[in-house]
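# Chains, contacts and geometry: an overview
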Amino acid sequence: MPIDDYSAAAQKIAAFLKTLTTLGELRLKYRITAGAGAADPDGLEAREIYVELAGPDASLLTQRGGELLRSLEHVAAKIIRLDPEEHDKVSFDAHNFKALRARELKLAAETAADKVRRTGQPYSFAPMSSRERRMLHLAFRSYTDLETASSGEGLRRFVVAYPKGHDAAKAHSRR
């Protein structure tokens, strides 16, 4: 279900964060942006609600690869009743962690694209979250001579970049 009322959704997320910071005694401040202002300037995230977190305890959110940020996104998406395939409409960040990770993924895509073009061979990325895989797929969309596919299962799922029309890519897309 799409986000029809950005103000109501933002208020629900703010209430959740207020409860979390109060009961959890977390020293965090947050700013919620919803609607067009929340859009990712790099176009790698489909976010419609963007939550920026700051404060002395913000570094707790970025530990272990941003695991807690992803958890907060998941809970917030459930609170505003988004369908699982729409969870990427809500994005949380602290200390520009996700913005920096998006830039890393974009750079990794550029490096992999050069390698695939140079060698003609597929390039497999390390396993990553579904959101990061999506970001990689989006980073590759501007390369008309290359294509990507996800492979693997569960936590071991990863992205593979191929030259367009490569036999492995054709076999992969039939899965």
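For the structure, see preceding data.
Scope of this entry: the structure provided in the associated data block. It should be emphasised that the depicted structure is a prediction, and the values quoted were computed from it without experimental measurement.

## Remarks on helix α1 (residues 6-23)
Given a rise of 1.5 Å per residue, 18 residues ought to cover 26 Å, and the 26 Å separating the end C-alpha atoms of α1 matches this to within 8%. Taken together, the buried positions of α1 are A9, A10, I13, F16, L17 and T21. Looking straight down α1, one finds that the buried residues subtend no more than 125° of arc, so they occupy a single side. Along α1, the residues that are exposed and aim more than 90 degrees away from the buried face are Q11, K18, T22 and L23. Structurally, the start of α1 carries an N-cap: the backbone nitrogen of S7 is 3.2 Å from a side-chain oxygen of D5.

## Quick notes on the packing of aromatic side chains
What the rule picks out here adds up to three aromatic pairs. A centroid spacing of 5.0 Å and a plane angle of 80° characterise the contact between Y123 and F125, whose relative ring orientation is edge-to-face. Residue classification places Y123 among the partly exposed positions, given a relative accessible area of 28%. F125 gets classed as buried once you look at its relative accessible area, which sits at 8%. With centroids separated by 6.2 Å and ring planes inclined at 80°, the aromatic side chains of F125 and F140 adopt a geometry described as edge-to-face. Remark: F140 occurs in helix α4 (residues 130-140) and F125 occurs in the loop between β4 (123-124) and α4; sequence separation between them is 15 residues. Like F125, the residue F140 is buried in the burial classification. Through pairs of rings, three or more aromatic residues link up here, namely Y123, F125, F140 and Y143. Cation over ring: R47 sits above Y50, and NZ or CZ is 3.8 Å from the ring centre.

## Considerations on the sheet that holds strand β5 (residues 146-151)
Reading across from one edge, β4-β6-β5 is the order of the three strands in this open sheet, with antiparallel pairing throughout. The sheet is open, and its two edges are formed by β4 and β5, each paired on a single side. Inspection of the sheet shows β4 paired to strand β6 (residues 158-163) by two bridges, in the antiparallel sense. Each residue of the ladder has a partner; that of Y123, found in β6, is A161. Along the sheet face, α4 touches β5 and β6 and points at about 170° away from the line of β5.

## Describing the environment of R117
Tracing the sequence through the fold places R117 in helix α3 (residues 97-119). Distance from R117 to L17, taken between C-alpha atoms, is 46 Å for residues 100 residues apart in sequence. The contacts of R117, once residues within four sequence positions are left out, are Y143, D145 and L146. Within the structure, R117 has its side chain in polar contact with the side chain of D145 (distance 2.7 Å).

Conventions we followed
Residues numbered from 1 in each chain as written. Predicted model: local features only at pLDDT ≥ 70, side-chain atom pairs only at ≥ 80, totals over all residues. Heavy atoms only, no water. Helix = DSSP H or I, 4+ residues; strand = E, 2+ residues; numbered from the N terminus. Expected span 1.5 Å × (residues − 1). Buried < 20%, exposed > 50% of the residue type's maximum accessible area, 1.4 Å probe, protein only. Arc of directions from axis to C-beta. Polar contact = N/O pair within 3.5 Å; in protein donor to acceptor, adjacent residues only side chain to side chain. Phe/Tyr/Trp six-rings, centres within 6.5 Å; stacked < 30°, edge-to-face > 60°. Lys NZ or Arg CZ within 6 Å of the ring centre and 35° of its normal. Pairing = 2+ DSSP bridges. Contact = heavy atoms within 4.5 Å. Axes fitted to C-alpha atoms, helices over the stretch in contact; angles between N-to-C directions.

By themselves these figures say nothing about function.
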